[in-house]
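Residue-level structure breakdown
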Amino acid sequence: MAQLPDGEPVPDTGVLPESALADVGGRGFGVYLHVPFCASRCGYCDFNTYTASELGGADTEGYVEAVLAELALAAKVLPAPPRVDTVFVGGGTPTLLKPAQLGRMLEAIDGTWGLAAGAEVTTEANPESVDPASLRELRAAGFTRISLGMQSAAPGVLRILDRKHTAGRAPAAAIEAREAGFEHVNLDLIYGTPGETEDDFAASLAAVVGAGVDHVSAYALIVEDGTRLSARIRRGELASPDDDVAADRYLAAEAALSAAGLGWYEVSNWAADQAARCAHNLLYWRGGDWWGLGPGAHSHVGGVRWWNVKHPAKYAARLGEGLSPGLGREVLTEEQRHTEDVLLRLRLSEGLPLDVLDEAGRAAAGQALADGLLEPSAYAEGRAALTLRGRLLADAVVHSLLAW
């Protein structure tokens, strides 16, 4: 069907096409919950977040009530999906809410759709927004996994990124989370920040390894238009990130993390074992279904993708009128779903079956194998899986397999 440039309108009831409901949860079903509040805005961030001053005061209790209203609407749209395999609370800084508020929303998700036995329940957190007491409360509320935004162990890099925590706070918070009973703890790193040295990144890697976490995410810095960091680079105050430096940092991460017993399972993610892998993100990468709650949250069910209005006040107002907060949606074509399947699954260590590719794609896979970008053993088993060099060139490999 023809799509409007910004997607077609979402019906006021949020109702989905019958075709989308035919196999809900066939590849898993999760819930994403967006918390839009931050204490301050980091210079590199373009996420849908707001400080209290931008909102005239952060009405966290009103936000919780609005989320519960969206959940009630969601229950009418999806009255009987499979039980919820994963819940991921992101932001923003979810832990600016009280643990009891986060727990209340988690209880409502369980009461609406039911959490599967052993469901993974994650919250993101800034290191300075938690302490031993709040971490114990979060664990008691049902959270099983925490992802802490560390970014760097170098004070100078943290200043450039406008991060507010001290260099040692993130590893300390990770240890506190373990002591509070979190079995799975992730630390996020960003590499390639202007001014970051090789030694700076080595210190960051040593810090995450020393914290004893079982999961690490490491991403190259992306300079987003409209951010303070973008403006500083445009004015010549900071140098632009260098692709060659980013590649060197990635190789350093692979060497240090693998030596510490953390194996890559997605291009930017390493885990200690199968259980430590982020099940929620795997649901995304494997084409599962999820409902996104909150301002600006995106959802995907049965090939239909939609996104909510961004501003918390408008989000709450629509729900207060009994209307869906959805701003726009698109019904993906089979070609679009295939493209996303290849793009996302190739990033996984398991790769994707060669037989999902067309003739041109299989020929390109043969060339990628010859170029050392795909693993020979996986290829012999009928899968396209990236080598280390292939990971550095993942986007180019995807382009070739899709004949773009």
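Refer to the preceding data block for the structure.
Residues numbered from 1 in each chain as written. Predicted model: local features only at pLDDT ≥ 70, side-chain atom pairs only at ≥ 80, totals over all residues. Heavy atoms only, no water.

Focus on the side chain of Ser147
Locating Ser147 in the fold gives a position in strand β4 (residues 145–151). The class for Ser147 is buried, based on a relative accessible area of 6%. Setting aside residues up to four positions removed in sequence, Ser147 forms contacts with Thr122, Thr123, Glu124, Ala125, Asn186 and Asp188. (Helix = DSSP H or I, 4+ residues; strand = E, 2+ residues; numbered from the N terminus. Buried < 20%, exposed > 50% of the residue type's maximum accessible area, 1.4 Å probe, protein only. Contact = heavy atoms within 4.5 Å.)

Remarks on the packing of aromatic side chains
Per the counting criterion, the structure on display carries 9 aromatic pairs. Arranged with centres 4.5 Å apart and planes meeting at 65 degrees, the rings of Tyr284 and Trp290 form a pair that is edge-to-face. We classify Trp290 as buried; its relative accessible area is 15%. Feature note: the residues Phe29, Trp113, Trp291 and Trp306 constitute an aromatic cluster, connected by ring pairs. (Phe/Tyr/Trp six-rings, centres within 6.5 Å; stacked < 30°, edge-to-face > 60°.)

Here we look at the pairing of strand β5 (residues 184–191)
For β5, the tally of buried residues reaches 8 of 8 residues, placing the bulk of the element in the interior. Examined bridge by bridge, β4 and β5 share 6 bridges and lie parallel to one another. Bridged to Ser147 within β5 is Asn186. Regarding the hand of the β-α-β motif, the stretch spanning β5, helix α7 (residues 198–210) and strand β6 (residues 215–220) is right-handed. (Pairing = 2+ DSSP bridges. Right-handed = clockwise from strand over helix to strand, strands pointing away.)

Digging into the pairing of strand β12 (residues 326–331)
With 5 of 6 residues buried, β12 is to be regarded as a mostly interior element. Strand direction decides the pairing type here: strand β11 (residues 304–308) and β12, joined by 5 bridges, are antiparallel. Within the sheet, the bridge partner assigned to Arg305 lies in β12 and is Glu330.

Remarks on the side chain of His165
For His165, the position within the fold is in the loop between α5 (155–160) and α6 (169–179). Residue His165 is classed as buried on the basis of its relative accessible area of 5%. A polar contact is formed between the side chain of His165 and the backbone oxygen of Gly149, at a distance of 3.5 Å. At a separation of 3.3 Å, a polar atom in the side chain of His165 contacts the main-chain carbonyl oxygen of Met150. Apart from residues lying up to four places away in sequence, His165 is in contact with Pro127, Glu128, Gly149, Met150, Ser152 and Leu158. (Polar contact = N/O pair within 3.5 Å; in protein donor to acceptor, adjacent residues only side chain to side chain.)

Brief notes about the environment of Gly56
With respect to the helices and strands, the residue Gly56 is situated in the loop between α1 (52–55) and α2 (60–77). Residue class for Gly56 comes out exposed when judged on its relative accessible area of 71%. For the pair Gly56 and Ser299, spaced 243 residues apart in the sequence, the C-alpha separation amounts to 28 Å.

Observations concerning helix α3 (residues 99–113)
With 15 residues, α3 should reach 21 Å at 1.5 Å per residue; the first-to-last C-alpha distance of 21 Å fits that figure. Where α3 is concerned, the buried positions are Pro99, Gln101, Leu102, Gly103, Met105, Leu106, Ala108, Ile109 and Trp113. Where α3 terminates, the next one or two residues include Gly114, which has phi positive at roughly 85 degrees. (Expected span 1.5 Å × (residues − 1).)

Details of the layout of surface pockets
Empty space left among the atoms is revealed by rolling a probe the size of a water molecule over them. Of the volumes computed, that of the second largest pocket is approximately 470 Å³. Every residue lining the second largest pocket is counted, 21 residues in all, and those nearest its centre are Arg27, Gly287, Gly288, His300 and Arg337. At the level of secondary structure, the elements contributing two or more residues to the lining of the second largest pocket comprise β9 (289–293) and α12 (334–345). A class-by-class count of the residues in the lining of the second largest pocket yields 5 nonpolar, 8 polar and 8 charged. (1 Å grid on protein atoms, 1.4 Å probe; cavity = no way out; pocket = protein on both sides within 12 Å on 5 of 7 lines; lining within 4 Å. Points joined across faces, edges and corners; volume = space filled by probe spheres on them. Nonpolar A, V, L, I, M, F, W, Y, C, P; charged D, E, K, R; others polar.)

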